[in-house]
Amino acid sequence: MALPFFGKKPTSAEPLAGGVERAHAADGAPPPTELSGLDFSATDHGRGLARAAGLVEVQEVGSGIGAAFEEAAVLYANGNDGEALALLEAMVDGEHAEVGEGVWLMLLDLYRLAGNKQGFESRVLDYATRFERSPPPWVDLSAAGGRARSGLPPLINLTGQLTAQAEKQFQQVAALGRRSGAVRLDVGRVRGVDDAGCGVWRRLLGDLAADRVKVTLLSVEPLAEILGKRLVVGKAQERDTWLMLLELLQYADDQARFENLAVDYAVTFEESPPSWECRGATAALREAPTPALATTEPDGFCFEGELSGTSSDTLKRLASFAADRRQVRIDCARLRRIDFVCAGTLFNILATLQAQGKLVSLVNVNAMVAALLRVMSVDQVAHVTLRQ
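In this report, the structure presented in the accompanying data block is examined. (Residues numbered from 1 in each chain as written. Predicted model: local features only at pLDDT ≥ 70, side-chain atom pairs only at ≥ 80, totals over all residues. Heavy atoms only, no water.)

1. Here's the deal with a nonpolar patch on the surface
- Together, Val-233, Val-263 and Val-267 give the surface a local cluster of nonpolar side chains, amounting to about 270 Å² of exposed area.
- With respect to the helices, strands and loops of the structure, Val-267 is situated in helix α10 (residues 255-269).
- According to the relative accessible area criterion, Val-267 is exposed, its value standing at 55%. (Patch = residues over 30% accessible without salt bridge, like charges linked within 9 Å, V, L, I, M, F, W, Y side chains within 5 Å. Areas by Shrake-Rupley, 256 points an atom, 1.4 Å probe, with all protein chains shown as cover. Salt bridge = Lys/Arg side-chain N within 4 Å of Asp/Glu carboxyl O. Helix = DSSP H or I, 4+ residues; strand = E, 2+ residues; numbered from the N terminus. Buried < 20%, exposed > 50% of the residue type's maximum accessible area, 1.4 Å probe, protein only.)

See below:
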């Protein structure tokens, strides 16, 4: 599959930073943080992206960036962490390997993203020796480590078909939710559903509610559209599908559509529909104190977890957030991964904002995500700074 076209790369963008300055390396300065100032070249690697075959085919983007670096970035974006790790380790371990500092930072961050402290510590001395600078500190950037630091409940991405066969997987979701006391479910990539699957889903939510486990649903709009197409007013069938859609609309804060559907439900099944209960973002704002970011950094925005697909609610909120601001700062400290399609959508949004004269910066970006952003030319339409 050929690389999708995500918009014309701006030709007027100025470089965001110069090359890595070795003159300052001996004084123990931290690694360079500007993405455009990092050297990702791999002079003795001519490998293409054959190992990503079946996922996406990437053409060369820009000069001086090795094909193997691109391959590792795409492999990680597609969830192939093990293959990305093997490729990066082969690049730095090659007998005559001469890879840039950017590749080393990708490897160190991949260890941190996997929670692999032993692997990280086995490499930091080599890094320090090679580049004559202090390595980044050990920080557990894994999903488990992130929950421990932020207090956020676990995030589970539901994909594929929602049928009765999903009951075993839902039992695992319920067990995780009970252990954590709360769980976040992203349903944006569910592509199909039947009435039996809706019944399993409703039992899951009912059981978690009975156990006082807080459930947060994310990216509900695409699934709501799928369910809405299955319903026929006046035809008393697929009752669980009706009730599941009413649940989703409450998590989407769409009271107007909920009330219209509730009337249709009452007419169709000749029984009272569920009552409206706000369960989405509005309810969360009422329950939780305003984050410090909202008061101390009014132009701040946050990416977290894993962003995927063209319908990411996070990117939609970003476009709305930036509408009346001239400068936008996006904190990516809790962003673990962004997939290929979502990176393309992000490029389009940022290119539009740049054309409007807005200044956007992405800060605290991990090196694996930053590598994909460079492949996708996102660093040409926004200022990208790596985390330490």
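2. Side note on the packing of helix α2 (residues 81-93) against helix α3 (residues 101-114)
- Close contact between α2 and α3 brings their axes to 10 Å; oriented N to C, the two are set at 140 degrees. The orientation of α2 relative to α3 falls into the category oblique. In this structure, the crossing between α2 and α3 has a hand that is left-handed. For the pair α2 and α3, contact is made by Asp-81, Ala-84, Leu-85, Leu-88, Glu-89, Met-91 and Val-92 and by Val-103, Trp-104, Met-106, Leu-107, Leu-110 and Tyr-111, respectively.
- When its residues are assigned to classes, the contact of α2 with α3 shows 11 nonpolar, no polar and two charged. (Axes fitted to C-alpha atoms, helices over the stretch in contact; angles between N-to-C directions. Parallel < 35°, antiparallel > 145°, perpendicular 65-115°, else oblique. Left-handed = near helix turned anticlockwise from the far one by under 90°. Contact = heavy atoms within 4.5 Å. Nonpolar A, V, L, I, M, F, W, Y, C, P; charged D, E, K, R; others polar.)

3. Comments concerning the nonpolar core
- Counting 67 residues, the largest nonpolar core has Leu-88, Phe-303, Ile-330, Leu-346, Leu-350, Leu-362 and Leu-372 as the members making the most contacts within it.
- Aside from chain neighbours lying at most four places away, what touches Leu-346 is Phe-303, Leu-315, Leu-318, Ile-338, Leu-362 and Leu-373.
- Core analysis: the next-biggest nonpolar cluster, separate from the first, contains 39 residues, Val-173, Val-200, Val-213 and Leu-243 among them. (Core = buried A, V, L, I, M, F, W, Y, C linked by side-chain atoms within 4.5 Å.)

4. Considering the pattern of salt bridges
- One pass over the structure, following the stated rule, counts 15 salt bridges.
- We note a salt bridge from Glu-304 to Arg-184, for which the minimum N-O separation is 2.6 Å. Within this pair, whereas Glu-304 is found in strand β4 (residues 300-307), its partner Arg-184 is found in strand β2 (residues 182-193), the two being separated by 120 residues in sequence.
- Assessed through its relative accessible area of 26%, Glu-304 is described here as partly exposed.
- Look at Arg-184 and you get buried, because its relative accessible area is 12%.
- The partner of Arg-257 in a salt bridge is Glu-225, and the shortest N-O contact between them spans 3.2 Å. With Arg-257 in helix α10 and Glu-225 in helix α8 (residues 221-228), the pair connects residues that are 32 residues apart, well separated along the chain.

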